[in-house]
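Here is what each chain is made of, one letter per residue.
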Amino acid sequence: MKKNNSTIAILGLGKTGISVAKYLKNKNKEFVVYDTRENLEMTREIEKYVHKKNILLGKLNKSIVEKHENFIVSPGIKLEKEFTNEILKKNKSITTDIDIFNKESSCKIICITGSNGKTTVTSMLEHILVGMGKKAKAGGNIGLPALELLYQDYEFCILELSSFQLERTQKIKSSSSVITNIAPDHLDRHSTFENYVKIKHKIFKHSDNIIINREDENIKKQNFSYKYTFGYSKPKNNKEIGILLEDGKKYISHGKNKILSEDEIKLIGSHNMINVCTSLCVILSLGLNIHEAANQIKNFQPIEHRMESFYNDGKISWINDSKATNVASTVFAVNSLEEKIILILGGKSKEDDYGNLNAVINSKVHQVIIYGESRNLLSKQINAKNKPIKVINVKDAVEMAKKIAKKSMSSSEAIFILLSPACSSYDMFKSYEERGLYFKKCVMNSENKFL
Ligand code: UMA
Ligand code: ADP
């Protein structure tokens with residue numbers, strides 16, 4: 001064991017852990033890695049950066065605190081209180097890959113957090129900036145670990161940051177930072193909503209330009225001075241971006257100036273109009289040309305698994321919104337479609353209040369189908385005119401949705417079959433991507449899918 005007594009311990013050997021190992025190896029630093037898996041497959045990537053003898057598997061025990069001075073923790077690891085207390089008691093440091101990135105990077109950093117819309121805004125900003133000829137790259141929770149952005153000379157780095165990543169990050173400096181919105185999410189990890197809100201606000205502490213959703217009371221609760229705001233309401237001045245209604249048509253507006261009309265945006269739903277406002281606020285804060293940016297938005301394509309309309313035969317439209325893993329995102333998804341909607345909910349509960357779906361379900365949804373580990377919990381909390389139908393899995397849900405669509409089809413009305421589960425995918429899938437792909441496969445392989 002003695003030879004594993006390096007000062008630095010990396011906790012978790014997923015994407016983040018590997019990126020930290022690569023960074024430390026490049027710096028010729030010694031380190032060890034802990035991972036709670038019992039068995040670990042040594043991939044080529046792991047072998048490249050970590051020697052097998054420096055990987056320790058199994059439950060994290062507080063006795064390891066003695067052995068190291070710095071703990072660099074992966075976002076997916078929920079540390080036991082007694083473990084973190086021991087680290088703090090012994091005056092040792094606990095940081096993240098985001099802290100390292102913050103110290104090392106010399107680019108202009110844009111930080112995006114929020115409960116919903118992070119990935120959409122982050123990718124939109126990358127698309128806009130690259131389209132405007134800037135050297136820009138997105139990383140963080142979006143999939144490419146932040147440290148991977150250090151190896152090229154970017155002018156702008158756009159970091160999508162989750163509450164998991166922010167929780168243990170000490171300091172993050174940025175040119176601009178945004179909280180898209182705050183609604184209950186990940187409460188199984190963060191215990192209370194207040195704690196979750198506080199963690200999200202860490203993004204503002206060392207930022208030159210703070211940008212907020214002016215209609216979100218949870219964001220405004222904390223005392224920060226905001227430079228720019230976005231929201232549905234008509235903008236009052238040049239520090240605000242919002243939506244203007246004129247002759248029945250919606251326009252994204254900066255102050256009094258119309259920038260884009262709704263039909264120039266290829267994304268479904270009013271929440272995506274807000275995502276456009278958010279991205280343009282960032283552009284404004286960076287002192288870049290907002291009209292040039294708006295031009296880039298016109299060719300920004302919908303992202304997979306987010307209100308992705310993947311099959312439409314004129315009567316039935318199948319929509320994959322597998323990334324909707326909390327109640328708030330499902331409410332927005334349903335609100336962005338016209339009736340008739342068949343809604344598929346289910347997966348692993350994140351201890352959200354599913355009763356908050358009842359209003360939107362009762363005003364717009366024809367039939368709810370619930371599947372997965374949370375189906376009993378959901379059936380207790382969902383109170384719909386048509387009693388929700390319980391099935392076991394996604395495949396059954398697809399078959400059931402088809403049956404209902406067939407029964408309730410009329411010649412004039414289109415039907416939307418929407419997977420917007422309001423739960424995480426971890427009961428049956430490795431990720432929301434895997435769930436979304438499986439859903440699409442079930443639909444496309446299903447016999448008579450087009451009725
Ligand atoms: N591990 C443990 N103990 C644990 C949990 C995990 O040892 O209790 C180990 C696992 O065995 C695995 C490693 O830690 O080896 C995984 O680390 P991780 O869960 O932190 O995941 P990474 O592969 O490092 O990916 C993380 C983010 N994952 C999570 O926060 C769960 C990715 O976000 C992110 O893209 C990546 O870093 C790069 O920054 C994914 C995500 O699901 C997309 N995010 C959540 C969300 O969007 O809702 C927060
Ligand atoms: P995140 O990265 O924060 O999870 P995404 O952009 O991946 O956000 O979108 C996740 C889900 O949230 C999608 O299914 C989408 O329907 C919904 N959504 C996207 N943007 C918003 C928004 N601004 N407000 C509310 N819901 C949104």
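So, how was this worked out
Residues numbered from 1 in each chain as written. Chains lettered and ligands numbered in written order. Predicted model: local features only at pLDDT ≥ 70, side-chain atom pairs only at ≥ 80, totals over all residues. Domains from an automatic or database assignment. Contact = placed C-beta atoms within 7 Å. Helix = DSSP H or I, 4+ residues; strand = E, 2+ residues; numbered from the N terminus. Nonpolar A, V, L, I, M, F, W, Y, C, P; charged D, E, K, R; others polar. Near = placed C-beta within 6 Å. Axes fitted to C-alpha atoms, helices over the stretch in contact; angles between N-to-C directions. Left-handed = near helix turned anticlockwise from the far one by under 90°.

A closer look at the domain arrangement of the protein chain
Consideration 1: Domain assignment breaks the protein chain into domain 1 (8-95), domain 2 (99-297) and domain 3 (308-446).
Consideration 2: Taken together, the contact pairs 11 residues of domain 1 with 11 residues of domain 2.
Consideration 3: Where the side of domain 1 that touches domain 2 is concerned, the elements lending two or more residues are helix H1 (15-26) and strand E5 (93-95).
Consideration 4: With five residues, H1 is the single largest residue contributor to the side of domain 1 that touches domain 2.
Consideration 5: In terms of residue class, the side of domain 1 that touches domain 2 is made up of five nonpolar, four polar and two charged.

A word on the site of ligand 1
Consideration 1: Neighbouring residues of ligand 1: 20 residues in total, closest Gly12, Gly14, Thr16, Ser74 and Gly76.
Consideration 2: Among the residues making up the shell around ligand 1, the classes are represented as five nonpolar, 11 polar and four charged.
Consideration 3: Counting only domains with at least three residues in the shell around ligand 1, you end up with domain 1 (8-95) and domain 2 (99-297).

Let's talk about the site of ligand 2
Consideration 1: Taken together, 20 residues form the shell around ligand 2, and within it Gly117, Lys118, Thr119, Thr120 and Ser329 come nearest.
Consideration 2: Elements that contribute at least two residues to the shell around ligand 2 include exactly helix H5 (118-131), helix H10 (270-285) and helix H12 (327-335).
Consideration 3: Per element, the largest residue contribution to the shell around ligand 2 is four residues, and it comes from H12.
Consideration 4: Residues belonging to the shell around ligand 2 are distributed by class as follows: six nonpolar, 10 polar and four charged.
Consideration 5: Structurally, the shell around ligand 2 is a two-domain feature, drawing no fewer than three residues from each of domain 2 (99-297) and domain 3 (308-446).

Brief notes about the packing of H5 against helix H11 (residues 290-297)
Consideration 1: It is the contact of H5 with H11, at a shortest axis distance of 9 Å, that shows an interaxial angle of 115°. For the pair H5 and H11, the crossing hand works out as right-handed. Along its contact with H5, which presents Met124, His127, Ile128 and Gly131, the element H11 presents Ala293, Gln296 and Ile297.
Consideration 2: By residue class, the composition of the contact of H5 with H11 is four nonpolar, three polar and no charged.

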